[in-house]
Amino acid sequence: MDLVLITPAFIVISEVKNLAEKIVVNSNPFQFIKEYPDGKRQPLKNPIVELERKIYLFENWLKKRKIEIPIKGIVAFAYNNELNIEETPSMDIMFTYEVAAHFRSLPVTKEILNKPEIHSIARKIANSHQEYNPFPLIKRFDIQPAHILPGVICPTCNHLPMIWMQKKWICHPCGYAGKNDHESALKDWSMLIKNSITNREFRYFTQLENRNTAKKLLARSPIELQGLGRSSKYAIILEHFNQIEGRQKSLY
């Protein structure tokens, strides 16, 4: 939910859209269309349908906590673009600069929640928040792991796979050589398949043959060893890679 306003009489959920082009809202069929300056038109995912789904799920979330209160929805566009609405939709559509005035104009006719209850709901929402995580993609898109080609991808020409030789990852087609490109393969594995990897899985995915070489490369990667012996595996935490990449970019 982009924005949630809790009042004594109702709750408002705002769906904010960052679209700079002209927006046309057709009535029959009901759809949102983005229109470019050159006349090209692109249908958009209906934000009202998205908002109705969020309201439905939020209502169920509140009912589980024995809270019943009306929920309203508004669609707000972040840019002051041209907006052409053919027929009044079921929810309010406006620009973000109009939202504050719209909130002030909403009448509070019946007090369902008192101030402590409002704060309590806000805390429960914050405590229940979970960051969206689309990974692993094989589950999201029903992909068989066997259909994913293994190998370390060359960052210069995208050739697959690179070969580990002379303590470097070598790309024969373009001549690129690097020492840490297996880390990109670890990120790919985490996003595609799962957030942990064994020495054997690492050797398969990077096309390495030597177990000791794989062990050394894994040991110097920003991952965490869990367990001992045959049951050991490495936890891949994407934030660790992102932090390293952020520090490297700040040096340039």
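Every chain is numbered on its own, with residues counted from 1 as its sequence reads. With the structure being a predicted model, the display of local features is reserved for residues of pLDDT at least 70 and the display and counting of side-chain atom pairs for 80 or more, all residues being used for whole-chain, interface and lining totals. The basis for every side-chain value is the complete set of heavy atoms in the structure, and neither hydrogens nor water enter the calculation.

Student: Would you take a moment to explain the pairing of strand 6 (residues 71-77) for this structure?
Tutor: Both faces of the sheet carry side chains from a regular strand, because those side chains alternate between them. Buried residues are those whose accessible area, probed at 1.4 Å on protein chains only, stays under 20% of the maximum for their type, while exposed residues exceed 50% and partly exposed ones sit between those limits. For the purposes of this entry, the term helix denotes a DSSP run of H or I that reaches at least four residues, the term strand denotes a run of E that reaches at least two, and both are numbered from the N terminus. Counting buried positions over the 7 residues of strand 6 gives 6, a clear majority of the element. Inspection of the sheet shows strand 6 paired to strand 8 (residues 92-95) by 4 bridges, in the parallel sense. Along strand 8, the bridge assignment pairs Ile-74 with Asp-92. A pair of strands counts as paired when DSSP detects no fewer than two bridges linking them.

Student: Looking at this structure, how should I read the side chain of His-102?
Tutor: Looking at the secondary structure, you find His-102 in helix 2 (residues 96-105). Residue His-102 is classed as buried on the basis of its relative accessible area of 16%. With residues near it in sequence (within four places) discarded, His-102 still touches Ile-74, Asp-92 and Met-94. Here, residues are in contact when the closest pair of their heavy atoms is within 4.5 Å.

Student: Hey, could you run me through the confidence of the model for the protein chain in this one?
Tutor: In regions of low pLDDT, the predicted coordinates are not meant to be interpreted in detail. Averaged over all residues, the pLDDT of the protein chain equals 88, while 94% of them reach at least 70. Values of pLDDT, ranging from 0 to 100, describe the predictor's confidence in every residue of the model. In this model residues 247-252 is a low-confidence stretch, pLDDT under 50, and it forms 0 contacts with partners more than four residues away in sequence or in other chains.

Student: Would you take a moment to explain the sheet that holds strand 1 (residues 3-6) for this structure?
Tutor: Hydrogen bonds along the backbone pair up the strands of a sheet, which may run parallel or antiparallel. An order of 1-2-6-8 is seen for the 4 strands of this open sheet, with the pairing classed as mixed. Only two strands of the sheet have a single partner each, and these edge strands are strand 1 and strand 8. Taking the axes of each pair of neighbouring strands and ignoring which way they run, one obtains an average angle of 25° across the sheet. Lying on the sheet, helix 1 (residues 47-64) is in contact with strand 2 (11-17), strand 6 and strand 8; it crosses strand 2 at an angle near 145°. Angles shown run from 0 to 180 degrees and are taken between the N-to-C directions of axes, each axis being a line fitted to C-alpha atoms and, for helices, limited to the stretch in contact.

Student: Teacher, can you tell me more about the sheet that holds strand 3 (residues 22-27) here?
Tutor: Taken in spatial order, the 4 strands line up as 5-4-3-7 in an open sheet, and their pairing is mixed. Looking at the sheet topology across the chains shown, the edges are occupied by strand 5 (41-44) and strand 7 (83-85). Taken pair by pair, the neighbouring strands of this sheet meet at an average axis angle of 25°, ignoring direction. The pairing of strand 3 with strand 7 spans 3 bridges and is parallel. In the strand pairing of strand 7, Val-25 is matched with Ile-85.

Student: Is there a simple way to think about the packing of helix 5 (residues 182-192) against helix 6 (residues 199-206) in this case?
Tutor: Packed helix pairs are specified by the crossing angle of their axes together with the interaxial distance, meaning the distance between the axes. Two elements in contact, helix 5 and helix 6, have axes whose closest approach is 10 Å; the angle formed by their N-to-C orientations is 110°. Between helix 5 and helix 6, the angle falls in the class roughly perpendicular. Every residue of helix 6 that contacts helix 5 at His-182, Ala-185, Leu-186, Asp-188 and Trp-189 is listed here: Glu-201, Phe-202, Phe-205 and Thr-206. Basically, the charged four are Asp, Glu, Lys and Arg, the nonpolar ten are Ala, Val, Leu, Ile, Met, Phe, Trp, Tyr, Cys and Pro, and anything else, Gly included, counts as polar. Taken together, the residues of the contact of helix 5 with helix 6 break down into 5 nonpolar, 2 polar and 2 charged. Note on angle classes: values under 35 degrees are labelled roughly parallel, values over 145 roughly antiparallel, values of 65 to 115 roughly perpendicular, and the remainder oblique.

Student: When you look at the environment of Arg-123 in this model, what are you seeing that I'm missing?
Tutor: Among the secondary structure elements, Arg-123 is positioned in helix 3 (residues 115-128). Relative accessible area serves as the criterion here: at 51%, Arg-123 is assigned to the exposed category. With 90 residues separating them in the primary sequence, Arg-123 and Thr-213 have C-alpha atoms 49 Å apart.

Student: How should I be thinking about a positive patch on the surface in this particular structure?
Tutor: Together, Lys-167, Lys-168, Lys-179, Lys-216 and Arg-220 make up a region of like positive charge exposed at the surface. Within the element layout of this structure, Lys-216 appears in helix 7 (residues 211-219). Patches here are clusters of residues that have more than 30% relative accessible area and form no salt bridge, with a 9 Å joining cutoff for like charges and a 5 Å cutoff for nonpolar side chains (Val, Leu, Ile, Met, Phe, Trp, Tyr). Each accessible area is a Shrake-Rupley result for a 1.4 Å probe, and residues are judged covered by the shown protein chains and nothing else. Whenever Lys or Arg places a side-chain nitrogen within 4 Å of a carboxyl oxygen from Asp or Glu, that contact is recorded as a salt bridge. We treat Lys and Arg as the positive residues and Asp and Glu as the negative residues; His and chain ends play no part in the count. Working definition for charges: the position is that of NZ of Lys, CZ of Arg, CG of Asp or CD of Glu.

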